[in-house]
Amino acid sequence: KEFVEYKNELLHKNVSECPEIPPDLGPLDIRLLYNTNLLTILSQNPNLRPGGRSRPQYCRALQKIAIIIPFRNRESHLRTWLYYMHPFLQQQQADYGVYVVEQIEDTMFNRGKLMNVGYSIASKDYDYSCFIFSDVDIIPMDGRNLYRCSKNPRHMANSVDKFNFKLPYNDIFGGIVAFTKEHFKKLNGFSNVFWGWGGEDDELFQRVVAVGLKVDRPDQTIARSKMISHKRDSGNESTGKSFALISKAHKRLHKDGLSSLNYIISITSHKLYTKVTVDIGNGE
Ligand code: UD2
Ligand code: MN
């Protein structure tokens, strides 16, 4: 078996590069009420490898993409995401892996810290060059919306139905963001100190600015996406502390983030994704 894998690797190195723009992409019919189950998704994605990995068979992808999803108690959203996104990413000829980072314990949710954990685990798994940090509840409506990194950090949730396909404010940086490995390291990842809802995304934007980078956004027509409607989760209330934290973002940049990450972890390889289960504490 190992020999077969080794041979496959060698063969794959020799196939030609994939085109920058994959063929046959267009608008998609996304119906979020669709209720599916994991077996259906599995049968519709026969070529997935363990841990929710895939890569194009007949060409070599230009980027290796880790998709990091912060998660707790959103099973039905995750099923919907997997149902749409595995075919979507394969159609885009992506070389990718899906990492669902689940916070156990019913302490306050910490989206930023979960993203950092996902980055650090995925980096050890494969030679990823691009990291896409995505909420579990956003589904793109057009195949031409390439899930890729670009020259600058990219905000990809710039055309969500919930906000009437507009930016609710100029510097919004939530929902889905894509970073090259180099850029994510440069800004020391997300802050780890945002517990509860809100602010971690705005802080990340401040970090991008502080290290002198600019933000790209995809074309707003092509980037149209749906967010599954939901209430605020319990355990993810707003603490009201974000605003004060963000105003000091630049002071924490180098000491709070990837450089100060601590957690207790277990990793399970599911067929549709790699589940990273973490205890990230409660901020004390
Ligand atoms: C906005 C942002 C989101 C984040 C949040 C503030 C957009 C489109 N979205 O979304 O990225 O910045 O505000 O923190 O700008 N989650 C769980 N379980 C929980 C709580 C959260 O799995 O109990 C995960 C899940 O992936 C979810 C994400 O965290 O999609 C963000 O939480 P949200 O969906 O409640 O936040 P929302 O929709 O207000
Ligand atoms: Mn949401």
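For the structure, check the block above.
What you are looking at is a predicted structure, and each value in this text was computed from that prediction instead of being measured.

Undergrad: I keep staring at the overall build of the protein chain and nothing clicks. Help me out?
TA: Counting its secondary structure elements, the protein chain contains 8 helices and 10 strands. When the 284 residues of the protein chain are sorted by exposure, 52% land in the buried category. Across the protein chain, every contact between residues at least 6 apart in sequence was considered, and the portion connecting residues at least 24 apart equals 84%. About 14,300 Å² of surface is accessible on the protein chain, with carbon and sulfur atoms providing 52% of the total. Side-chain charges of the protein chain comprise 38 positive and 31 negative groups, with the mean position of each set lying 2 Å from the other.

Undergrad: Would you take a moment to explain the coordination of the manganese ion (ligand 2) for this structure?
TA: Each pair of donors in an ideal octahedron of six around a metal sits at 90 or 180 degrees, and each pair in an ideal tetrahedron of four sits at 109.5 degrees. Here the manganese ion (ligand 2) is held by the protein donor atoms D137 (OD) and H230 (NE2), which lie 2.1 to 2.3 Å from it. With D137 in the loop between β4 (130-134) and β5 (138-140) and H230 in the loop between β8 (225-227) and α7 (242-246), the pair connects residues that are 93 residues apart, well separated along the chain. D137 gets classed as buried once you look at its relative accessible area, which sits at 4%. A residue is classified by how much of its surface remains accessible, and H230, at 35% relative accessible area, is partly exposed.

Undergrad: Could you clarify how one ought to interpret the site of ligand 1 in this entry?
TA: Close contacts around ligand 1 come from 21 residues, with P70, R72, G175, W197 and E200 the closest. With respect to ligand 1, the backbone of V136 contributes an N or O atom lying 3.0 Å from an oxygen atom. When isolated, ligand 1 has an accessible area of 730 Å², and the protein chains bury 96% of it. The residue inventory of the shell around ligand 1, partitioned by class, reads 8 nonpolar, 5 polar and 8 charged.

Undergrad: Got a minute to help me understand the pattern of salt bridges in this structure?
TA: One side chain can pair with another of opposite charge once the charged atoms of both are near each other. Per the stated rule, a full pass over the model turns up 14 salt bridges. Between D233 and R74 there is a salt bridge whose closest N-O contact spans 2.7 Å. Within this pair, whereas D233 is found in the loop between β8 and α7, its partner R74 is found in the loop between β2 (64-71) and α3 (75-91), the two being separated by 159 residues in sequence. The class for D233 is partly exposed, based on a relative accessible area of 22%. Here the residues in one salt-bridge network are E203, R207, R252 and D256, joined through shared partners.

Undergrad: Looking at this model, I keep getting lost on a nonpolar patch on the surface. Mind explaining?
TA: On the surface, F3, Y6 and L10 cluster together to form a nonpolar patch covering roughly 350 Å² of accessible area. Secondary-structure assignment places Y6 in helix α1 (residues 2-14).

Undergrad: What exactly am I supposed to notice about the state of the cysteines here?
TA: Cysteine pairs can be linked by a disulfide, which is a covalent bond between their two sulfur atoms. Tallied over the entire structure, the rule returns 2 disulfides. Between C18 and C59 runs a disulfide, and the two sulfur atoms are separated by 2.0 Å. Negative torsions about the S-S bond denote left-handed disulfides, and the value of about 90 degrees found for C18 with C59 makes this one right-handed. Taken together, the residues C18 in the loop between α1 and α2 (38-44) and C59 in the loop between β1 (53-54) and β2 connect sequence positions 41 residues apart. Judged by relative accessible area, which is 7%, C18 ranks as buried. Shown here is the disulfide that connects C130 with C149, its sulfur atoms set 2.1 Å apart. The sign of the S-S torsion, about 85 degrees, decides the handedness of the disulfide formed by C130 and C149: right-handed. Of the two residues, C130 is situated in strand β4 and C149 in the loop between β5 and β6 (154-155); the sequence distance between them amounts to 19 residues. For the pair shown, C130 and C149 are each scored as buried. Each disulfide of the protein chain joins two cysteines, and with those cysteines numbered along the sequence the arrangement is 1-2, 3-4.

Undergrad: How do you make sense of the environment of C149 when you look at a structure like this?
TA: The buried category is assigned to C149, whose relative accessible area is 10%. Each residue touching C149, except ones within four places of it in the same chain, is listed here: Q63, C130, F131, A178, F179 and T180.

Undergrad: Sorry if this is basic, but what is going on with the pairing of strand β7 (residues 176-180) here?
TA: Regular strands place side chains that alternate from one sheet face to the opposite one. The element β7 is extensively covered by neighbouring structure, given that 5 of its 5 residues are classed as buried. Neither face of β7 is left uncovered, since the one carrying I176, A178 and T180 and the one carrying V177 and F179 both have all their residues buried. Sheet topology places β6 next to β7; 2 bridges connect them, and they run antiparallel. Counted as the bridge partner of H155 is V177 from β7.

Undergrad: Sorry, what's going on with helix α6 (residues 200-210) here?
TA: For an α-helix, the turn length of 3.6 residues means that residues three or four places apart are oriented alike. Among the residues of α6, those classed as buried are E200, D201, E203, L204, F205, R207 and V208. Where the residues of α6 are buried, they touch α4 (111-125), β7, α7 and α8 (249-252). Where α6 terminates, the next one or two residues include G212, which has phi positive at roughly 85 degrees.

Analysis parameters
- Residues numbered from 1 in each chain as written.
- Chains lettered and ligands numbered in written order.
- Predicted model: local features only at pLDDT ≥ 70, side-chain atom pairs only at ≥ 80, totals over all residues.
- Heavy atoms only, no water.
- Helix = DSSP H or I, 4+ residues; strand = E, 2+ residues; numbered from the N terminus.
- Buried < 20%, exposed > 50% of the residue type's maximum accessible area, 1.4 Å probe, protein only.
- Contact = heavy atoms within 4.5 Å.
- Areas by Shrake-Rupley, 256 points an atom, 1.4 Å probe, with all protein chains shown as cover.
- Lys, Arg positive; Asp, Glu negative; His and termini not counted.
- Charge placed at Lys NZ, Arg CZ, Asp CG, Glu CD.
- Donors = N, O, S within 2.8 Å, 3.2 Å for Na, K, Ca; no water.
- Near = heavy atom within 4 Å.
- Polar contact = N/O pair within 3.5 Å; in protein donor to acceptor, adjacent residues only side chain to side chain.
- Nonpolar A, V, L, I, M, F, W, Y, C, P; charged D, E, K, R; others polar.
- Salt bridge = Lys/Arg side-chain N within 4 Å of Asp/Glu carboxyl O.
- Patch = residues over 30% accessible without salt bridge, like charges linked within 9 Å, V, L, I, M, F, W, Y side chains within 5 Å.
- Disulfide = S-S within 2.5 Å.
- Pairing = 2+ DSSP bridges.

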